[in-house]
Amino acid sequence: LQGQRFGTSLGGGTDLDGNGRPDLLVGVDDGGPGGPGFVQAFAGENGALLFTVTGDNANDRFGTSVAAVGDGDGDGKEEFVVGAPFHSPAGTSVRG
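The structure presented is a predicted model; accordingly, all values stated were derived computationally and were not measured.

A. Main features of the pattern of salt bridges. Within this structure, the stated rule accounts for 2 salt bridges. For the salt bridge of Arg-61 with Asp-29, the shortest nitrogen-to-oxygen distance reads 3.6 Å. Of this pair, Arg-61 sits in the loop between strand E4 (49–54) and strand E5 (65–70) while Asp-29 sits in strand E2 (residues 23–31), placing them 32 residues apart in sequence. By relative accessible area, which is 25% here, Arg-61 ends up partly exposed. Classification of Asp-29 as buried rests on a relative accessible area of 3%. The salt bridge involving Asp-30 is made with Arg-61; its shortest N-O contact spans 4.0 Å. Taken together, the positions of Asp-30 in strand E2 and Arg-61 in the loop between E4 and E5 put the pair 31 residues apart, joining distant regions of the chain. Residues joined in a network through salt bridges with shared partners are Asp-29, Asp-30 and Arg-61.

See the structure below:
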């Protein structure tokens, strides 16, 4: 869509749909006019959209970075992390 920054970040090498094949994460840190950033996961097997995770706020730049982290919590499912460098928890103005 016009105004979106599709592909701001890319990540892969993790199996998000459990089929044994690595999938692709695509970050969009600007969802267009007034829209928050988001991350989409695509199946490595056929390119199908698996899911979309959307940031909280239009200006937090959710999707600036994405990275696979493996099974971080031991539940048998692969996880990933998403960067949102301007996210402001609880409305504070301090960023770390």
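From this point on, the discussion continues.
B. Quick look at a negative patch on the surface. Together, Asp-71, Asp-73, Asp-75 and Glu-78 make up a region of like negative charge exposed at the surface. Residue placement: Asp-75 occurs in the loop between E5 and strand E6 (79–83). You can call Asp-75 partly exposed: its relative accessible area is 43%.

C. Examining the packing of aromatic side chains more closely. In the structure shown here, the tally under the stated rule is 2 aromatic pairs. With centroids separated by 6.4 Å and ring planes inclined at 75°, the aromatic side chains of Phe-6 and Phe-42 adopt a geometry described as edge-to-face. Separated by 36 residues along the polypeptide, Phe-6 in strand E1 (residues 4–14) and Phe-42 in strand E3 (residues 38–42) bring together distant segments of the chain. The exposure class of Phe-6 is exposed, given its relative accessible area of 52%. Both rings, one in Phe-51 and one in Phe-80, keep their centres 6.0 Å apart while their planes meet at 20°; by these two values the pair is stacked. Here Phe-51 is found in strand E4, whereas its partner Phe-80 is found in strand E6, with 29 residues between them in sequence. Its relative accessible area of 29% is what places Phe-51 among the partly exposed residues. Residue classification places Phe-80 among the partly exposed positions, given a relative accessible area of 21%.

D. How the structure looks around the pairing of E4. Relative to E4, E3 runs antiparallel, the two sharing 5 bridges. Residue Ala-41 lies in a different strand from E4, and its bridge partner there is Phe-51.

Scoring rules and cut-offs
- Residues numbered from 1 in each chain as written.
- Predicted model: local features only at pLDDT ≥ 70, side-chain atom pairs only at ≥ 80, totals over all residues.
- Heavy atoms only, no water.
- Salt bridge = Lys/Arg side-chain N within 4 Å of Asp/Glu carboxyl O.
- Helix = DSSP H or I, 4+ residues; strand = E, 2+ residues; numbered from the N terminus.
- Buried < 20%, exposed > 50% of the residue type's maximum accessible area, 1.4 Å probe, protein only.
- Patch = residues over 30% accessible without salt bridge, like charges linked within 9 Å, V, L, I, M, F, W, Y side chains within 5 Å.
- Areas by Shrake-Rupley, 256 points an atom, 1.4 Å probe, with all protein chains shown as cover.
- Lys, Arg positive; Asp, Glu negative; His and termini not counted.
- Charge placed at Lys NZ, Arg CZ, Asp CG, Glu CD.
- Phe/Tyr/Trp six-rings, centres within 6.5 Å; stacked < 30°, edge-to-face > 60°.
- Pairing = 2+ DSSP bridges.

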